[in-house]
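Now for the letters of each chain:
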Amino acid sequence: MARRFGSAMISKTDSTRLIYAIGYIRVKGCKGQDGDSFSQFVPESAMERERAQRSGLYTGATMSTHGDTPNRSRSKAMQERAERYFPGGVNSPVRAFRAVGGEPPFVERADGAWLTDADGNRYIDYFGSWGPMILGHAFPPVVEAIERTARNSASFGASTAAEADLAERVSACYPVLEKMRFVSSGTEATMSAIRLARAATGRKVIVKFEGCYHGHADGLLVKAGSGVATFGIPGSAGVPEEIAGLTLALPYNDLAAVEAAFAVHPGAIAAVILEPVVGNAGCIAPADGYLGGLRAITAREGALLIVDEVMTGFRVALGGACERYGIDADLVTLGKIVGGGLPVGVFGGKRQFMDMLAPLGPVYQAGTLSGNPLAMAAGIATVRYLQEHAEPVYPQLEATAQAVFEGVAAEAAKAGVAMTLNRVGSMGTWFFTPGPVRNYDEAATSDTERFGRFHRAMLER
Ligand code: PMP
């Protein structure tokens with residue numbers, strides 16, 4: 001039986017930037033089959049063993065060959081209702097499928113790698129809630145931790161031991177995080193890291209890279225610019241030019257552009273922030289020497305290096321890109337996996353910077369639900385599992401991702417479709433272009449209309 005693979009993190013242009021698009025594959029005739037790609041290889045507890053036995057991921061028996069058009073009438077009705085209350089019917093824009101076309105399924109439940117929509121259609125889930133569900137949906141240790149914690153109340157607005165428990169695990173994986181703060185989203189994490197960098201340096205200008213997304217804080221929503229000396233213009237209505245003007249957007253993988261920016265703006269740049277492996281323009285790996293070069297330039301110029309690992313953290317390695325590439329960051333931001341599916345972000349780094357935060361120092365940052373007990377419980381259960389099973393988990397993730405990404409690329413080659421595959425661990429993109437893809441401009445040559453068709457076709461299977 002042929003295996004059918006779905007899309008994940010594929011470049012797609014929307015109005016302001018390339019995003020990666022989500023991928024599911026619908027699976028017909030597989031009622032009663034549950035799959036979990038990750039519990040299969042580490043069936044230690046009885047519950048996990050039972051779950052692994054039930055698992056049917058990637059087995060031929062569960063796969064359809066070609067599907068008839070799925071009925072999504074309930075999803076459609078839910079979307080129409082949601083549009084009465086939410087702009088575009090959604091609480092985060094990419095969920096509306098405007099970039100890829102088609103109608104978004106409403107999800108009812110998910111287990112392991114399987115997702116069921118409101119009409120009872122089943123899908124293999126290739127996007128894992130945009131990253132957090134690395135251990136699969138409803139992973140028993142995570143569910144148990146949340147249930148146990150909820151019985152003691154969901155929030156206190158006062159400290160609990162769980163915060164330091166998770167912090168201890170995070171800094172064991174990320175030694176550069178000597179101190180950290182938990183927040184509730186990646187956006188909060190990057191926004192706070194930038195405030196800290198400005199305070200630490202007494203400078204205002206931020207360097208970011210075209211195609212990198214760091215959340216929706218005003219100063220980071222700068223449309224990709226081109227000239228080194230050209231200050232950014234707002235990438236969203238409602239962002240004052242004065243704020244966008246403090247952000248320089250440079251081409252990724254181009255150290256000369258960074259050197260030139262520091263030369264043109266001496267003593268003005270507070271920090272360089274980047275995705276160490278770009279995910280938000282489709283997957284783009286750092287060129288050899290690029291990350292080390294950024295470290296050397298920022299250190300020489302007295303600017304901070306902020307490594308945004310919201311996507312790469314605990315994913316491209318247990319210690320993320322910092323471990324995989326040996327980056328000596330000043331500040332690191334995390335999100336997604338560290339919360340195990342609950343809203344958690346982290347910013348942290350060298351003690352000398354972190355101790356500038358209130359109440360020790362003059363930089364204000366706070367959050368009513370920061371370090372929330374339920375979020376900490378899910379985060380601890382997830383990170384703990386990854387720490388204790390890093391040996392099977394990461395090699396398995398690598399092997400599975402390699403099979404999926406290279407399998408599709410090989411089929412495309414056979415069919416004569418121009419495609420460039422970029423992949424780092426489980427992050428990867430099929431760009432519909434002959435390539436190569438090393439930066440945003442090259443990513444933008446991907447045929448996004450073709451990708452939209454591919455995405456819709458995968459949903460129909
Ligand atoms: N940084 C990166 C690298 C991201 O990929 C994202 C979200 N995809 C963010 C920051 C923002 O995180 P959040 O959506 O949790 O605000």
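This structure is a prediction, so every number in the text was calculated from the model and none was measured. (Residues numbered from 1 in each chain as written. Predicted model: local features only at pLDDT ≥ 70, side-chain atom pairs only at ≥ 80, totals over all residues.)

Take the overall build of the protein chain next. A tally of helices and strands in the protein chain yields 14 helices and 15 strands. Taken over 461 residues, the protein chain has a buried fraction of 49%. The contacts of the protein chain with a sequence gap of at least 6 include a subset with a gap of at least 24, amounting to 71%. (Helix = DSSP H or I, 4+ residues; strand = E, 2+ residues; numbered from the N terminus. Buried ≥ 20, exposed ≤ 12 C-beta atoms within 10 Å, placed from the backbone. Contact = placed C-beta atoms within 7 Å.)

Taken together, 16 residues sit near the ligand, with Ser185, Gly186, Thr187, Gly215 and Val310 positioned nearest. Among the elements that line the shell around the ligand, the one with the most residues is helix α5 (residues 186-201), at three residues. Grouping the constituent residues of the shell around the ligand by class yields four nonpolar, ten polar and two charged. (Near = placed C-beta within 6 Å. Nonpolar A, V, L, I, M, F, W, Y, C, P; charged D, E, K, R; others polar.)

Here the focus is the environment of Glu147. Structurally, the position occupied by Glu147 is in helix α3 (residues 140-150). Between the C-alpha atom of Glu147 and that of Ala377, which follows or precedes it by 230 residues, the distance is 9.3 Å.

Bringing the nonpolar core into the picture now. With 108 residues, the main nonpolar core has Val170, Ala197, Ala271, Val272, Ile306 and Leu331 as its most contacted residues. Broken down by element, the residue count for this core peaks at ten residues, all from helix α11 (residues 373-388). Looking at which domains feed residues into this core, each of domain 1 (14-137 + 439-459) and domain 2 (141-388) gives three or more. The contact partners of Ala197, leaving out residues within four places of it in the chain, are Ala270, Ala271, Leu304, Ile306 and Leu331. Among the nonpolar cores identified, the runner-up in size contains five residues, and Trp114, Leu115, Tyr123 and Ile124 belong to it. (Core = buried A, V, L, I, M, F, W, Y, C linked by C-beta atoms within 7 Å. Domains from an automatic or database assignment.)

A word on the pairing of strand β13 (residues 345-349). In terms of burial, β13 is a largely internal element, five of the five residues being buried. Where burial is concerned, the two faces of β13 agree: the one with Gly345, Phe347 and Gly349 and the one with Val346 and Gly348 are both buried. Pairing geometry for strand β7 (residues 179-183) and β13, over five bridges, is antiparallel. Its bridge partner being in β13, Val183 is matched across the sheet by Gly345. Sheet analysis places strand β12 (residues 331-334) next to β13, joined by four bridges and oriented antiparallel. Note on β13: the bridge partner recorded for Leu334 is Val346. (Pairing = 2+ DSSP bridges.)

Adjacent strands of a sheet pair through backbone hydrogen bonds, lying either parallel or antiparallel. Pairing within the open sheet is mixed, and its seven strands lie in the order β7-β13-β12-β11-β10-β8-β9. Taken across any chain shown, the strands that pair with only one partner, and hence form the sheet edges, are β7 and β9 (247-250). This sheet shows a mean twist of 20° between the axes of neighbouring strands, independent of strand direction. Direction of pairing for strand β10 (residues 269-274) relative to strand β11 (residues 304-308): parallel, over a ladder of four bridges. When the bridges of β11 are listed, Val272 appears paired with Leu305. (Axes fitted to C-alpha atoms, helices over the stretch in contact; angles between N-to-C directions.)

Below, the discussion takes up the environment of Gly326. By secondary structure assignment, the location of Gly326 is in the loop between α9 (320-325) and β12. Owing to 11 C-beta atoms within 10 Å, Gly326 belongs among the exposed residues under this scheme. Residues Gly326 and Gly292, spaced 34 residues apart in sequence, show a C-alpha to C-alpha distance of 8.6 Å.

Let's shift gears to the packing of α3 against α11. At a minimum axis separation of 8 Å, α3 and α11 run at an interaxial angle of 150°. Of the possible angle classes, the one that applies to α3 and α11 is roughly antiparallel. Handedness of the crossing formed by α3 with α11: right-handed. Residue-level inspection shows Pro141, Val142, Ala145, Ile146, Thr149 and Ala150 of α3 in contact with α11, the latter providing Pro373, Leu374, Ala377, Ala378, Ile380, Ala381, Thr382 and Tyr385. Taken together, the residues of the contact of α3 with α11 sort by class into twelve nonpolar, two polar and no charged. (Parallel < 35°, antiparallel > 145°, perpendicular 65-115°, else oblique. Left-handed = near helix turned anticlockwise from the far one by under 90°.)

Moving on, we get to unusual backbone geometry. Put simply, Ala358 and Pro359 share a cis peptide bond, and its omega is 10°. Within the secondary structure layout, Pro359 lies in the loop between α10 (351-354) and α11. Of note, the amide linkage connecting Gly435 to Pro436 takes the cis form, showing an omega dihedral of 0°. Within the secondary structure, Pro436 sits in the loop between β15 (427-431) and α13 (440-443). Positive phi outside glycine occurs at Ala138, with the angle close to 50°. Note that Ala138 resides in the loop between β6 (122-125) and α3. The backbone of Asn253 shows a phi angle near 65°, a positive value even though the residue is not glycine. With respect to the helices and strands, the residue Asn253 is situated in the loop between β9 and α7 (255-264).

Turning our attention to the confidence of the model for the protein chain. Of the residues in the protein chain, 83% reach a pLDDT of 70 or more, and the chain-wide mean stands at 85. In the predicted structure, residues 1-23 sits below a pLDDT of 50 and forms 93 contacts with residues beyond four places in sequence or in another chain. Scored below 50 in pLDDT, residues 28-66 shows 67 contacts in the model against residues more than four places distant or in partner chains. (pLDDT = per-residue confidence, 0-100.)

Of all five residues in β15, five are buried, a share of seventy percent or more. Taking every second residue as pointing to the same face, both faces of β15 are buried, with Met427, Thr429 and Phe431 on one and Gly428 and Trp430 on the other. Bridge count between strand β14 (residues 420-424) and β15: five bridges; the pairing is antiparallel. Residue Asn422 lies in a different strand from β15, and its bridge partner there is Thr429. The hairpin formed by β14 and β15 contains two residues between the paired strands, and Gly425 there has a positive phi angle of roughly 60°.

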